[in-house]
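As a plain string of letters, each chain reads:
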Amino acid sequence: MRPETEEHLAEIVRGANGPLSVRGGATRHRPGPGEALTTAGLTGITLYEPGALTLVARAGTPMAEVEAALAAEGQRLPFEPMDHRPLLGTTGEPTIGGAVALNVSGPRRVQAGACRDSLIGVRFVDGEGTLVKNGGRVMKNVTGYDLVKLMAGARGTLGILSEVSFKVLPAAATEATLRLSGLDVAEAVKAMAAGLSSPFEVTAAAHDPATGETSLRIEGLAGSVAYRAGELTRVLAPFGTAEMLEPETSTALWTDIRDARAMAGDGDVWRLSVRPSHAPDLVARAGAEAALLDWGGGLIWLRLPEGTDLRARLGGFGGHATRVRGAADVPPEAPVLAALTRGLRERFDPRGLFSPALGENA
């Protein structure tokens, strides 16, 4: 099923007799139970006001179309959305609605926040086939702000997104990356913390244990980038001599980190969200074939042999672990959170049309 209007989408949901397997561009999708329904027909940018830093697009609009429109005006999505195709081996085109459904956020999250922090409005069809409008189309309108945030990362379990609204930001004139070599994970986390806590506006910080390389990015006007890079070099001096990468090399590096290309190869891939200070211990305990730290150590990618139960291997820890490549995986929830989740689903999807998708779309 491929609705091309919100009215048709609502009609399909009202007439559904069983679960729906919802997808956008199918780049983050694991086929789940139920009849396939794609939002690929709900396309197009419906409002773009560069002066107001506001963009509104239908959920099935390809991410490339959104990014091209913004780039033409010297603007960008602040949250640097990941492209899951290299990691999952999928094809198709990522959509803006898919990014919202998974709250997809790249390396710039440490400075600009997650996808949900840029989202200012949503339109979606709930499990009863009702069109729900929440939030606004301008940055100052915060009506229903909590519901807007709720839809980001809900994985389509509360409703099918039909339109999303964002605040956008000017694109950086240039960028530079400072790279340290030869650090272990513990020292790398300390170096990234030093850079991120400095006043020099680091917009990304990552570490690759396989190469021992630790990278920190600075963006902005050329003069500002040059000055801040010099100052940041001094901040990082206790950890070694930092090499500065040229803008083109820097851009390519962060695209690879954003898309977790270090996780290429056979096996399951897990994504951990943790306190950066806990990262060295968790990486050591995981015994992974490959690892990558982003967000200053707050995000850990791990590649392990197929079927590995990472949660059992790690035991209890303060954070979340989700298998994003491998067998469909539903992270366990604490009893209080599970009760809250159940209540939300009963309110938005009383017939259980969308809930089976939890853990199926990645």
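Note that the structure is a prediction, hence the values are computed from the model and not measured.

1. Quick notes on the pattern of salt bridges
Evaluation of the coordinates by the stated rule reveals 20 salt bridges. For R108, the salt bridge goes to E219, with nearest N and O atoms at 3.1 Å. Remark: E219 occurs in strand 12 (residues 213-220) and R108 occurs in the loop between helix 4 (96-101) and helix 5 (109-112); sequence separation between them is 111 residues. Among the residues examined, R108 registers a relative accessible area of 6% and is labelled buried.

2. A short note on unusual backbone geometry
Even without a glycine there, the phi angle at E80 is positive, about 50°. Note on placement: E80 falls in the loop between strand 5 (75-76) and helix 3 (85-88). Under the relative-accessibility criterion, E80 is labelled buried at 11%. Non-glycine residue R155 carries a positive phi angle of around 55°. With respect to the helices, strands and loops of the structure, R155 is situated in the loop between helix 7 (145-151) and strand 8 (160-167).

3. Focus on the nonpolar core
Ranked by internal contacts, the top residues of the largest apolar core, which has 47 residues, are L77, F166 and W301. Residue contributions to this core peak at four residues, all from helix 4. Dropping the residues within four chain positions of it, F166 is found in contact with L53, T54, L55, L77, F79, I96, V100, C115, S118, L119 and I120. Judged by nonpolar contacts, the second largest core, of 34 residues, contains V202, A279, I300 and L302.

4. Focus: the pairing of strand 14 (residues 268-274)
Across the seven residues of strand 14, five count as buried, placing the element largely inside the fold. Pairing of strand 14 with strand 16 (residues 299-304) involves six bridges; the strand directions are antiparallel. Counterpart to V269 in the pairing with strand 16 is R303. Note: strand 14 against strand 17 (residues 319-325), six bridges, orientation antiparallel. The partner of V269 across the bridge, within strand 17, is R325.

5. Digging into the packing of aromatic side chains
Following the criterion strictly, the structure yields two aromatic pairs and no others. Ring centres 6.2 Å apart and planes at 50° place the aromatic pair F124 and F348 in the tilted group. Residue F124 is located in strand 6 (residues 119-125), and its partner F348 is located in helix 13 (residues 335-348); the two are separated by 224 residues in the primary sequence. For the pair shown, F124 and F348 are each scored as buried. The ring of W295 is capped by R109, whose NZ or CZ atom sits 4.7 Å from the centre of that ring. Of note, R347 hangs over the ring of F348, and the distance from its end group to the ring centre comes to 5.4 Å.

Parameters and conventions
- Residues numbered from 1 in each chain as written.
- Predicted model: local features only at pLDDT ≥ 70, side-chain atom pairs only at ≥ 80, totals over all residues.
- Heavy atoms only, no water.
- Salt bridge = Lys/Arg side-chain N within 4 Å of Asp/Glu carboxyl O.
- Helix = DSSP H or I, 4+ residues; strand = E, 2+ residues; numbered from the N terminus.
- Buried < 20%, exposed > 50% of the residue type's maximum accessible area, 1.4 Å probe, protein only.
- Core = buried A, V, L, I, M, F, W, Y, C linked by side-chain atoms within 4.5 Å.
- Contact = heavy atoms within 4.5 Å.
- Pairing = 2+ DSSP bridges.
- Phe/Tyr/Trp six-rings, centres within 6.5 Å; stacked < 30°, edge-to-face > 60°.
- Lys NZ or Arg CZ within 6 Å of the ring centre and 35° of its normal.

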